[in-house]
Amino acid sequence: MGRAVGLRKDFDGPALGRLARSFKSAPQARRLLALAQIYDGGRRGEAVERGPSPAIHGLVRWRLIDLAHGLYEEFAVSLDETSVSRELTKLGYAK
């Protein structure tokens with residue numbers, strides 16, 4: 001079993017969230033947002049595999065249109081459903 005890697009002390013969750021918004025690379029922004037969640041006390045295994053919360057998001061599952069809308073709101077990136085589907089497939093999230 002490997003050893004745990006400690007978190008750097010010169011970063012925090014909100015700072016990493018702001019930094020993630022400045023990147024045009026979706027994979028890099030996603031990694032930074034996952035680290036931001038970890039810094040805020042989230043578990044590493046849940047940092048990028050979380051679904052919507054009905055109380056917060058008003059959804060019980062993510063649809064492609066919901067993800068496209070979220071990308072636009074969070075990062076001002078405009079994608080259609082087909083592009084979101086293509087990128088999710090590349091990331092290993094098959095239909």
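Rules used throughout
Residues numbered from 1 in each chain as written. Predicted model: local features only at pLDDT ≥ 70, side-chain atom pairs only at ≥ 80, totals over all residues. Heavy atoms only, no water. Helix = DSSP H or I, 4+ residues; strand = E, 2+ residues; numbered from the N terminus. Buried < 20%, exposed > 50% of the residue type's maximum accessible area, 1.4 Å probe, protein only. Polar contact = N/O pair within 3.5 Å; in protein donor to acceptor, adjacent residues only side chain to side chain. Core = buried A, V, L, I, M, F, W, Y, C linked by side-chain atoms within 4.5 Å. Contact = heavy atoms within 4.5 Å.

## Regarding the environment of Asp 10
Within the secondary structure layout, Asp 10 lies in the segment before helix H1 (13-21). For Asp 10, a relative accessible area of 53% corresponds to the exposed category. Within polar-contact distance, the side chain of Asp 10 engages the side chain of Arg 8 at 2.5 Å.

## A short note on the nonpolar core
Residues Leu 16, Ala 20, Ala 29, Leu 32 and Ala 36 constitute the largest nonpolar core, which totals five residues. Of all the secondary structure elements, the ones that give two or more residues to this core are H1 and helix H2 (26-39). Ignoring sequence-local partners within four residues, the contact set of Leu 16 consists of Phe 11, Leu 32, Leu 35, Ala 36 and Tyr 39.

## Quick notes on unusual backbone geometry
The backbone of Ala 76 sits at a positive phi, close to 55 degrees, despite the residue not being glycine. Here Ala 76 is to be found in the loop between helix H4 (64-75) and helix H5 (81-90). Assessed through its relative accessible area of 61%, Ala 76 is described here as exposed.

Function cannot be read off these values alone, since they describe shape.
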